[in-house]
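Each chain, letter by letter, is given below.
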There are 2 protein chains.
Amino acid sequence: MISPNGNKNNLPPYQQPGSVGLVQPQTFTFAHQPDELVLESGARLGPVTLAYETYGQLNADRSNAVLILHALSGDAHVAGYHAPDDAKPGWWDEAVGPGKMFDTDRYCVICSNVIGGCRGSTGPASIDPATGKPYGLRFPVITIKDMVSAQRHLMDHLGIARLLAVAGGSMGGMQALQWAVDYPDRVAACIPIATCARSSAQTIALNEVGRQAIYADPHWKRGDYYGGPTPDAGLAVARMVGHITYMSDDSMREKFGRRLQSREQRGYDFETDFAVESYLRYRGNQFPRRFDANTYLYVTKAIDYFDLAEGRAALADAFAGVKARFLVFSFTSDWLYPSYQAQEIVRALLQKGVDVTYIDVESSYGHDSFLVEVELLTEIIGDFLARVHREEARRRQRVEWSERTVRE
Amino acid sequence: MISPNGNKNNLPPYQQPGSVGLVQPQTFTFAHQPDELVLESGARLGPVTLAYETYGQLNADRSNAVLILHALSGDAHVAGYHAPDDAKPGWWDEAVGPGKMFDTDRYCVICSNVIGGCRGSTGPASIDPATGKPYGLRFPVITIKDMVSAQRHLMDHLGIARLLAVAGGSMGGMQALQWAVDYPDRVAACIPIATCARSSAQTIALNEVGRQAIYADPHWKRGDYYGGPTPDAGLAVARMVGHITYMSDDSMREKFGRRLQSREQRGYDFETDFAVESYLRYRGNQFPRRFDANTYLYVTKAIDYFDLAEGRAALADAFAGVKARFLVFSFTSDWLYPSYQAQEIVRALLQKGVDVTYIDVESSYGHDSFLVEVELLTEIIGDFLARVHREEARRRQRVEWSERTVRE
């Protein structure tokens with residue numbers, strides 16, 4: 001029997017097999033003094049709150065934790081439901097759950113929001129303790145390195161000295177790379193997906209257009225719009241630019257083509273004619289309901305600043321001290337983070353003798369492929385994590401033996 | 001000796017060899033009654049003025065006219081200078097002049113603005129005779145077919161029964177194709193460059209984002225902004241999106257990379273950090289000085305509606321009656337009008353037995369390649385036009401002979 005919600009049993013979505021079910025949003029506050037956390041820019045921030053969620057059980061020796069990092073518009077709610085009547089699960093529900101890509105029967109999956117964010121973490125909409133008002137543009141500019149440094153505090157709080165893996169797509173992949181570079185002893189494996197080691201001029205340009213659309217909105221008021229009307233129109237335009245870059249020419253043609261929205265003929269007016277226009281307008285207009293325009297500015301700026309080669313003679317030097325094993329994915333139709341950018345990472349890792357597996361996935365879904373190609377990623381990431389888990393167990397055994405030998 | 005303007009002689013730019021020199025903007029008004037020109041939508045328009053320019057001399061038998069069609073933001077001023085102190089020549093000065101791609105020693109080159117435009121032709125900023133006020137959004141939606149139909153009136157006015165060639169890049173290429181399809185007896189050769197036979201979902205999406213940026217500008221006022229502040233911020237954002245699509249990932253990396261604009265270090269703020277941001281802001285902010293936001297809406301909509309396959313069983317059927325010889329160009333790094341779109345045109349032409357030469361130019365400059373790859377285009381277009389010119393002379397001779405035979 002097929003129930004009204006399309007499932008083959010009568011269970012609601014959050015009770016379906018494979019779902020992590022109902023999950024609890026959590027927060028962790030650290031750096032309690034106003035100037036406790038020193039950022040890459042030299043600016044100081046505090047107190048700092050991070051929103052996060054966990055799925056699955058941390059094992060006795062705390063060796064099965066996998067940290068998932070999210071992209072520009074993501075949040076800590078990667079899987080499951082917050083309430084039984086939630087219409088949608090987390091943003092990568094296909095990837096996290098019992099038997100899934102990140103198997104919650106085996107691993108304790110953690111997803112952390114970023115500082116600068118607007119989904120429960122300290123960001124430009126938070127209250128500035130110095131003024132008692134929202135930060136707005138007085139919030140300090142943050143970087144990918146700062147995001148990761150804040151997450152390191154969260155891992156300390158959770159008692160996780162070493163992560164089995166860090167994984168993420170797009171900006172999440174930048175954080176994964178930064179984790180492996182900055183905390184080499186705390187990361188056993190790194191899975192950067194559809195990402196780069198340094199943002200290209202084209203990425204910076206696309207981000208700048210989104211920011212300009214927000215600046216141009218009269219409701220933006222140089223960031224001091226909290227409590228009044230918000231710059232939704234500008235943020236919607238920024239989001240539309242984003243959605244175009246997440247798809248590919250091919251996937252847009254397959255999904256929309258020149259299909260007309262609601263008429264048999266062209267409208268010969270400026271109402272929505274084509275299905276693709278309707279899609280963009282809908283996605284653009286929905287976005288401001290869950291996202292803060294100032295966070296869009298801060299997070300895109302963090303992406304622009306991302307450059308692992310900065311201050312180093314060559315990109316490879318960034319990976320000189322890296323100890324993690326790498327699994328790198330790119331997608332053939334991704335024009336936002338084209339395959340050559342993943343290959344740049346792979347070459348740099350190989351130069352430093354790092355163990356790396358690279359897969360350039362043939363897919364037509366553009367940048368969105370990393371959310372779509374679930375079957376292939378489930379198989380490859382599943383096998384990879386199982387192998388790293390076994391290796392880690394042997395590594396711990398060797399450490400125990402050598403410690404015992406020293407004691408005996 | 002090198003003069004301060006960088007030339008090897010002391011002559012000002014408009015007197016340099018190869019320049020068409022000082023040129024005169026011209027206009028032609030037709031369809032003098034308010035409802036004289038029937039548009040593709042069924043709406044009526046009049047009076048209609050077209051701005052145009054001519055370069056070189058029309059020969060005695062009026063057989064050497066070449067019509068150049070412009071792209072979205074172009075105008076009739078393709079080459080030369082309007083005044084001795086003009087800082088810049090026309091938009092494709094490298095291509096039009098003595099000894100150039102379109103050799104004004106041999107051909108009479110005409111460039112016509114489009115209806116819906118804002119550079120001297122009837123468009124949304126023109127006075128609506130029905131109200132005595134600017135049309136704004138009361139201007140009828142126009143199509144590429146309408147643009148070409150208006151240009152056909154201009155050719156009648158100039159006494160040109162048959163064009164040696166129609167040529168254009170991007171939206172200019174759409175007009176060139178439409179000319180060959182709609183007026184098969186009036187076009188000897190067609191040169192569509194970096195264009196398509198039907199706009200893709202991605203093109204429509206990118207145009208829609210530009211329009212949304214204009215709609216979101218409070219100065220837009222549903223198009224009734226004439227006499228007051230203009231929606232410059234929205235139009236600037238639209239233009240920035242455009243500029244990104246005109247370049248390629250490669251050309252942006254070569255031109256800007258991650259070069260910082262004016263500091264040795266990151267600014268850690270929202271001022272301009274990167275050279276690419278500065279470039280986009282400059283180009284975006286310059287654009288409203290010479291372009292009308294409503295025209296941007298109308299012309300992008302005409303591009304979206306462009307579909308030679310519409311109302312036909314197959315694209316090839318559009319070319320069933322075509323008599324012109326074709327020379328089609330695409331550029332390997334053009335992601336706005338990728339090579340496969342040119343190849344779609346070529347295949348459809350071949351299906352109908354049309355004579356076509358196709359060149360997919362290896363170039364890293366993206367869509368802008370058609371303005372950059374001057375040397376190659378000069379050689380190929382030069383040879384092609386010379387050949388068509390010879391064939392046309394033989395054709396006319398055959399017609400004369402047969403007419404004489406009939407008379408004798």
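Below, the structure is looked at part by part. As the structure is a prediction and not an experimental result, all values here were calculated from the model.

Reading the values: rules and limits
Residues numbered from 1 in each chain as written. Chains lettered and ligands numbered in written order. Predicted model: local features only at pLDDT ≥ 70, side-chain atom pairs only at ≥ 80, totals over all residues. Heavy atoms only, no water. Helix = DSSP H or I, 4+ residues; strand = E, 2+ residues; numbered from the N terminus. Rg over C-alpha atoms; globule rule 2.2 N^0.38 Å. Contact = heavy atoms within 4.5 Å. Areas by Shrake-Rupley, 256 points an atom, 1.4 Å probe, with all protein chains shown as cover. Lys, Arg positive; Asp, Glu negative; His and termini not counted. Charge placed at Lys NZ, Arg CZ, Asp CG, Glu CD. Phe/Tyr/Trp six-rings, centres within 6.5 Å; stacked < 30°, edge-to-face > 60°. Buried < 20%, exposed > 50% of the residue type's maximum accessible area, 1.4 Å probe, protein only. Lys NZ or Arg CZ within 6 Å of the ring centre and 35° of its normal. Buried area = accessible area lost by both parts, 1.4 Å probe. Salt bridge = Lys/Arg side-chain N within 4 Å of Asp/Glu carboxyl O. Nonpolar A, V, L, I, M, F, W, Y, C, P; charged D, E, K, R; others polar. Patch = residues over 30% accessible without salt bridge, like charges linked within 9 Å, V, L, I, M, F, W, Y side chains within 5 Å. Pairing = 2+ DSSP bridges. Axes fitted to C-alpha atoms, helices over the stretch in contact; angles between N-to-C directions. Least-squares fit on C-alpha atoms with pLDDT ≥ 70 in both. Polar contact = N/O pair within 3.5 Å; in protein donor to acceptor, adjacent residues only side chain to side chain. Expected span 1.5 Å × (residues − 1). Parallel < 35°, antiparallel > 145°, perpendicular 65-115°, else oblique. Left-handed = near helix turned anticlockwise from the far one by under 90°. Right-handed = clockwise from strand over helix to strand, strands pointing away.

1. A closer look at the overall build of chain A
Along chain A, the regular secondary structure elements total eleven helices and 14 strands. Scaling as 2.2 N^0.38, a compact globule of 408 residues should have a C-alpha radius of gyration of about 22 Å, and chain A matches this with 22 Å. By its C-alpha atoms, chain A is 85 × 60 × 45 Å across when sized along the principal axes. Residue pairs in contact within chain A that sit at least 24 positions apart in sequence constitute 71% of those at least 6 positions apart. By element, 48% of the accessible surface of chain A is carried by carbon and sulfur atoms, the whole surface being about 16,200 Å². Taking the average place of the 42 positive charges on the side chains of chain A and the average place of its 49 negative ones, the gap between the two points comes to 2 Å.

2. Quick notes on the packing of aromatic side chains
Evaluation of the coordinates by the stated rule reveals 35 aromatic pairs over all chains. The interplanar angle of 45° and the centroid separation of 5.0 Å between the aromatic rings of Y215 of chain A and W220 of chain A together place this pair among those described as tilted. Relative to F370 of chain B, the ring of W92 of chain B lies with its centre 5.9 Å away and its plane at 80°, an arrangement referred to as edge-to-face. In this pair, W92 of chain B is assigned in the loop between strand 5 (65-69) and strand 6 (96-97) and F370 of chain B in helix 9 (residues 369-372), connecting sequence segments 278 residues apart. In this pair, the class of W92 of chain B matches that of F370 of chain B, namely buried. Three or more aromatic residues joined by ring pairs form one cluster here, namely W91, W92, F102 and F370 of chain A. For R239 of chain A, the ring lying beneath its charged end belongs to F287 of chain A, and the centroid distance is 4.3 Å. The ring of Y305 of chain B carries K301 of chain B above its face, with NZ or CZ at 5.4 Å from the centroid.

3. Some points on the interface of chain A and chain B
With 57 residues of chain A at the interface, the matching set in chain B holds 56 residues. Interface of chain A and chain B: buried area, both sides summed, is about 4,900 Å²; carbon and sulfur atoms make up 64% of it. If you sort the residues of chain A by the area they bury against chain B, R258, Y268 and F270 of chain A come out on top, with a joint share of 17%. Taken together, the links from chain A to chain B amount to ten salt bridges. One salt bridge connects K301 of chain B with E277 of chain A, and the closest N-O pair in it is separated by 3.3 Å. Ranked by the residues each element gives to the side of chain A that touches chain B, the list is headed by helix 3 (residues 201-215) of chain A, at eleven residues. Of the residues that constitute the side of chain A that touches chain B, the class distribution is 30 nonpolar, ten polar and 17 charged.

4. Describing a positive patch on the surface
Residue and element names in this part refer to chain A. A surface patch of like charges, here positive, comprises K88, K255, R283 and R290. The topology assignment puts K88 in the loop between strand 5 (65-69) and strand 6 (96-97). Of the residues examined, K88 reaches a relative accessible area of 66% and is grouped as exposed.

5. Regarding the sheet that holds strand 14 (residues 356-361) of chain B
All names here are of chain B. Strand order across the open sheet formed by eight strands is 1-4-8-5-11-12-13-14, with mixed pairing between neighbours. One side of each edge strand has no neighbouring strand; the edge strands of this open sheet are strand 1 (26-30) and strand 14. Strand-to-strand twist of the sheet, defined as the mean angle between neighbouring strand axes without regard to direction, takes the value 20°. Both strand 4 (residues 48-55) and strand 8 (residues 108-112) contribute to a ladder of four bridges, which runs antiparallel. Residue pairing across strands places Y52 opposite S112, the latter belonging to strand 8.

6. Things to note about the relation of the copies chain A and chain B
Laying chain A over chain B is done by rotating through 180° and shifting 0.0 Å along the axis; what remains is an RMSD of 0.0 Å. In symmetry terms, the pair is related by a two-fold rotation axis. Comparing contact sets, 98% of the residues at the interface of chain A also lie at the interface in chain B, consistent with an isologous, same-surface contact.

7. Re the side chain of S330 of chain A
Residue and element names in this part refer to chain A. Relative to the assigned elements, S330 resides in strand 13 (residues 325-331). For S330, a relative accessible area of 1% translates into the label buried. For S330, the side chain forms a polar contact with the side chain of S339, separated by 3.5 Å. Setting aside its immediate chain neighbours within four residues, S330 contacts S339, A342, Y358, I359, D360 and V361.

8. Here's the deal with helix 1 (residues 144-157) of chain A
In this model, helix 1 of chain A (14 residues) spans 20 Å end to end at C-alpha, consistent with the 20 Å of a helix rising 1.5 Å per residue. Buried within helix 1 of chain A are the following residues: I144, D146, M147, V148, S149, A150, Q151, L154 and M155 of chain A.

9. Quick notes on the packing of helix 4 (residues 232-246) of chain A against helix 6 (residues 275-286) of chain A
Residue and element names in this part refer to chain A. Two numbers describe how helix 4 lies on helix 6: the axes approach to 8 Å, and their chain directions differ by 130°. Of the possible angle classes, the one that applies to helix 4 and helix 6 is oblique. Crossing angle aside, the handedness with which helix 4 passes helix 6 is right-handed. Where helix 4 approaches helix 6, its residues A236, R239, M240, H243 and I244 are matched on the opposing element by Y279, L280, R281, R283, G284 and N285. A class-by-class count of the residues in the contact of helix 4 with helix 6 yields five nonpolar, three polar and three charged.

10. Details of the pairing of strand 11 (residues 165-169) of chain A
Residue and element names in this part refer to chain A. Extensive coverage of strand 11 is indicated by the burial of five of its five residues. Side-chain alternation along strand 11 places A165, A167 and G169 on one buried face and V166 and G168 on a second face that is also buried. Where strand 11 and strand 12 (residues 189-193) come together, four bridges link them in parallel fashion. Residue pairing for strand 12: G169 is matched across the bridge by I193. A crossover links strand 11 with its parallel partner strand 12, the connecting element being helix 2 (residues 171-182), and its sense is right-handed.

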